[in-house]
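Structural characterization, general
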Amino acid sequence: MQHRTIGGRAVSAIGLGGMPMSIEGRPDRDRSIATIHAALDAGVTLIDTADAYHLHADEVGHNEELIAAALRSYGGDTSGVLVATKGGHLRPGDGSWTKDGRPEYLKEAVKASAKRLGVEAIGLYQFHRPDPNVPYGDSVGAIRDLLDEGVIELAGISNANPDQIREANDILGGRLVSVQNQFSPRFRSSLPELELCAQLGIAFLPWSPLGGIALARSGELGTEYAAFLEVAEAHGVSPFRVTLAWELALAPVVVPIPGASRPESVQDSAQAADLTLTDDEVARLSAAGA
Ligand SMILES: NC(=O)c1ccc[n+]([C@@H]2O[C@H](COP(=O)([O-])OP(=O)(O)OC[C@H]3O[C@@H](n4cnc5c(N)ncnc54)[C@H](OP(=O)(O)O)[C@@H]3O)[C@@H](O)[C@H]2O)c1
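Structure report, in brief. (Residues numbered from 1 in each chain as written. Predicted model: local features only at pLDDT ≥ 70, side-chain atom pairs only at ≥ 80, totals over all residues. Heavy atoms only, no water.)

1. Describing the sheet that holds strand β9 (residues 152–158)
Strand order across the open sheet formed by seven strands is β3-β4-β5-β8-β9-β10-β11, with parallel pairing between neighbours. Sheet topology places β3 (16–17) and β11 (203–207) at the edges, where each strand pairs with a single neighbour. As paired strands, strand β10 (residues 176–182) and β11 are joined by five bridges and run parallel to one another. Bridge assignment links Ser178 to a residue of β11, and that residue is Ala203. Against the sheet, helix α6 (residues 191–200) engages β10 and β11, with an angle of about 155 degrees to β11. (Pairing = 2+ DSSP bridges. Helix = DSSP H or I, 4+ residues; strand = E, 2+ residues; numbered from the N terminus. Contact = heavy atoms within 4.5 Å. Axes fitted to C-alpha atoms, helices over the stretch in contact; angles between N-to-C directions.)

2. Here we look at the pattern of salt bridges
Within this structure, the stated rule accounts for 14 salt bridges. For the salt bridge of Arg144 with Asp145, the shortest nitrogen-to-oxygen distance reads 3.5 Å. Exposure remark for Asp145: the relative accessible area of 21% places this residue in the partly exposed category. For Arg166, the salt bridge goes to Asp163, with nearest N and O atoms at 3.9 Å. (Salt bridge = Lys/Arg side-chain N within 4 Å of Asp/Glu carboxyl O. Buried < 20%, exposed > 50% of the residue type's maximum accessible area, 1.4 Å probe, protein only.)

3. Some thoughts on the site of the ligand
The immediate surroundings of the ligand are formed by 31 residues, with Asp48, Gly259, Ser261, Arg262 and Ser265 found nearest. Between a nitrogen atom of the ligand and a side-chain N or O atom of Asp268, the distance comes to 2.9 Å. Across the complex, the protein chains shield 94% of the 900 Å² of accessible surface that the ligand would expose by itself. Elements with a minimum of two residues in the shell around the ligand: α7 (213–218) and α10 (263–270). Residues that form the shell around the ligand fall into these classes: twelve nonpolar, 13 polar and six charged. (Near = heavy atom within 4 Å. Polar contact = N/O pair within 3.5 Å; in protein donor to acceptor, adjacent residues only side chain to side chain. Areas by Shrake-Rupley, 256 points an atom, 1.4 Å probe, with all protein chains shown as cover. Nonpolar A, V, L, I, M, F, W, Y, C, P; charged D, E, K, R; others polar.)

Structure below.
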């Protein structure tokens, strides 16, 4: 498995997104644990989660607990695994997603996440989504305090535009290590943020890198933009793998975090790190659907 870096820490070039194992359509616990173990077996050392990855109101942190349990029960060494969680987004239990970016809320939420993950300090903590009712600088200021106090080891943001990336990096004194935005062949509107991260040397973690759970599970991926299917056929691999390899090829700061709820999905996705596309293929995929 190839490596990339987040804040100086080496991580696998392909991470694992935990969300499909804890929200609508989630599998049973045994299959989730097997999926996380399959990722570790494949060399994945970045696992993305959030306190909001749960279904019912009384199970906040379902995904964080699942990941912590899977790491504990794994037979091998997990000391090199970076678990990246998030706070500031909530699920009241009716299927909706709400926001709370108040500093006092974030400072409580991070403690609960650390407890569920069973760690003294959280490896990478990401402010999940700007809260329109709270000045962005106040929310990011809370993340800076957590970093200064050693409650978190690395700080990231998510769903941020270029101005917010610059503002967050300033507030954090140049210590912003990652930006997690939606990016896939279908959703390319975060390309300016990806390019800004490449320029600033900040890791860019595309979320829903395969177009999202519904599209990926529908089997339609690759049919939307024929070029992805054609390149996949030329290499004898899945269009999922080509999609992730294309994202990796866009900049050395990119670390996709494909979600999974089956071992087979992670086993296939992890191999994208070893798939080298030609410059022509990358250009063709970038042009497809643009
Ligand atoms: N920051 C944010 O606001 C935000 C928002 C959304 C998501 N995220 C993060 O981003 C992660 C990824 O996004 P996502 O899960 O929404 O969507 P995604 O990664 O685009 O798609 C996930 C689905 O793709 C399928 N899949 C993955 N690799 C596959 C392969 N090689 N072959 C066949 N199927 C494959 C999985 O199916 P199976 O379930 O059948 O395995 C999974 O359910 C999330 O898990 C979460 O950690 C962050």
